[in-house]
Every structure is written in C-alpha cells, then in structure tokens.
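# Report on the structure
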Amino acid sequence: LNRQFLFRPSDLGAPKSTAAAAKCAQLNPAFRAVAHEAAVGAPGSPFDDAFWGGLDGVISALDNVAARLHVDRMCVLHRKPLLESGTAGTKANTQVVLPGLTASYGASTDPPDDDIPVCTVKAFPYVLEHCVQWARDLFEAQFVQAPRRVNAWAARPDALAAELGQRGA
C-alpha cells in the first residue's frame with residue numbers, strides 16, 4: 001500500500017477502502033466517502049441498483065480485471081462518470097469514462113491476470129486459486145519462514161537482539 005499516495009506504512013493491515021476514505025476526508029473535509037469492505041460483483045454485495053443510482057460519480061482503483069469490468073458496466077448502465085485507475089504488478093491503467101461520450105473501460109481488452117494480487121488474497125480469497133494461494137502463503141509463513149528465523153537465532157543468538165533492535169522493540 002505504501003507505494004500509493006493515499007497510504008502510509010501505518011495503513012498496512014487496514015482495509016484499503018477504510019484507509020483511503022479516512023485520508024480523503026483528512027485532505028478535504030468536504031469530500032464524502034463511504035468505505036465498503038465487500039467484493040465488487042459478488043453475490044450479496046451491497047452494490048445493488050440503489051447503490052449505483054445514488055452516486056454522482058465513481059473513482060475506481062481495483063486490483064483485478066473482473067472487478068474493473070463490473071464497475072465499468074454498472075457506470076455505463078447507470079450513466080455515471082468513472083475515473084478508472086489501477087495497477088497489476090508493473091502494469092497500470094488510468095481512464096476517464098463518460099457514458100455516451102467516451103469509450104468505456106470494457107471497450108478495450110486487457111490481457112488475463114496471470115498473477116494473483118496480494119490484497120485480493122488477503123481480503124477476499126473468493127475463487128479456488130485465491131484460497132490455494134492464501135493457504136500456501138500461510139503455510140510458508142508458519143512452517144518455512146518462522147522455523148528458518150528460529151534456526152538463525154539459535155545459530156547466532158545476537159541475531160535476535162539485532163532484529164529486535166531494528167524494530168525498535
């Protein structure tokens with residue numbers, strides 16, 4: 001998150017929507033934002049027709065093509081202006097969509113996502129591949145990285161003190 005201008009290291013672990021809404025309110029108290037922590041386009045999400053109809057416009061910074069396409073379709077359907085932006089690895093996209101005046105995001109084709117965005121895995125592992133990646137990451141942290149650190153500390157007791165000193169503990 002800290003590579004994005006709205007986020008600071010202190011925001012790590014917080015939902016992106018919550019951190020972004022708080023930072024926007026801090027930058028401009030007149031800006032009204034509601035943070036949602038739900039997968040876009042998922043069944044049962046709060047993003048129904050009433051939600052889209054109540055918006056003046058949409059600023060999107062989603063991390064996967066399927067969610068971007070869903071938001072684009074809803075903005076075109078409900079005739080809402082869209083500022084679409086996002087990154088996926090080293091790829092980036094920014095586009096202004098004015099329904100009826102400009103091309104929509106869905107009018108062009110993005111290559112398929114090869115990588116699984118880390119924030120999707122941590123927040124909404126909703127497809128099998130995300131769940132498998134989440135489990136692999138958890139296994140790696142618990143059964144590979146943690147024992148490796150313990151072994152390093154056992155081999156070099158001063159390593160623990162050095163690591164704790166770097167963290168300010």
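Refer to the preceding data block for the structure.
Right, let's walk through the structure included here. (Residues numbered from 1 in each chain as written. Predicted model: local features only at pLDDT ≥ 70, side-chain atom pairs only at ≥ 80, totals over all residues. Heavy atoms only, no water.)

### So, the overall build of the protein
Secondary structure summary: the protein contains six helices and three strands in total. Listing the helices and strands of the protein from first to last along the sequence gives α-α-β-α-β-β-α-α-α. In the protein, which comprises 169 residues, the share counted as buried stands at 24%. Expressed as a percentage of contacts within the protein between residues at least 6 apart in sequence, the contacts between residues at least 24 apart total 32%. Accessible surface computed for the protein: about 11500 Å², of which carbon and sulfur atoms make up 60%. (Helix = DSSP H or I, 4+ residues; strand = E, 2+ residues; numbered from the N terminus. Buried < 20%, exposed > 50% of the residue type's maximum accessible area, 1.4 Å probe, protein only. Contact = heavy atoms within 4.5 Å. Areas by Shrake-Rupley, 256 points an atom, 1.4 Å probe, with all protein chains shown as cover.)

### Here we look at the pattern of salt bridges
Applying the stated criterion across every chain yields a total of two salt bridges. Across the pair R68 and E84 runs a salt bridge, and its minimum N-O distance is 3.8 Å. Placement of R68 in helix α3 (residues 65-77) and of E84 in strand β2 (residues 82-88) is noted, with a sequence separation of 16 residues between them. Side by side, R68 and E84 carry an identical accessibility label, which is buried. Note that D158 is salt-bridged to R156, the shortest N-O span being 3.2 Å. Judged by its relative accessible area of 45%, D158 falls in the partly exposed class. Relative accessible area serves as the criterion here: at 47%, R156 is assigned to the partly exposed category. (Salt bridge = Lys/Arg side-chain N within 4 Å of Asp/Glu carboxyl O.)

### Topic: the packing of aromatic side chains
Under the defined criterion, the tally for this structure stands at three aromatic pairs. When the centroid spacing of 5.2 Å and the interplanar angle of 85° are considered together, the rings of F51 and W52 count as edge-to-face. Ring centres 5.0 Å apart and planes at 40° place the aromatic pair F139 and F143 in the tilted group. Taken together, the residues span about one helical turn, with F139 and F143 both in helix α5 (residues 128-155) at a distance of four residues. Linked through ring pairs, F47, F51 and W52 together constitute an aromatic cluster. (Phe/Tyr/Trp six-rings, centres within 6.5 Å; stacked < 30°, edge-to-face > 60°.)

### With respect to unusual backbone geometry
Of all residues except glycine, most have a negative phi; of all peptide bonds, most are trans. At R79, a residue that is not glycine, the phi angle is positive and equals roughly 55°. Assignment of secondary structure puts R79 in the loop between α3 and β2. Note on R79: relative accessible area 58%, which makes it exposed.

### Points about a nonpolar patch on the surface
Together, F31, I59, L83, V96, L98 and L101 make up an exposed nonpolar region whose accessible area comes to about 580 Å². Positionally, V96 belongs in strand β3 (residues 91-97). (Patch = residues over 30% accessible without salt bridge, like charges linked within 9 Å, V, L, I, M, F, W, Y side chains within 5 Å.)

### Quick word on the nonpolar core
Of all hydrophobic cores here, the largest spans nine residues; its members are F47, W52, L55, V58, V71, M74, C75, L82 and V97. For this core, the element with the highest residue contribution is α3, accounting for three residues. Beyond its immediate sequence surroundings of up to four residues, V71 is in contact with V40, W52, V58, S60, L62 and L82. Core analysis: the second largest hydrophobic core is formed by five residues, L6, F7, A19 and A20 among them. (Core = buried A, V, L, I, M, F, W, Y, C linked by side-chain atoms within 4.5 Å.)

### Some points on the environment of D48
In this structure, D48 sits in the loop between α1 (16-27) and α2 (49-53). In this structure D48 comes out as partly exposed when scored by relative accessible area, which is 42%. Between the C-alpha atoms of D48 and M74, which are 26 residues apart in sequence, the distance is 9.4 Å.

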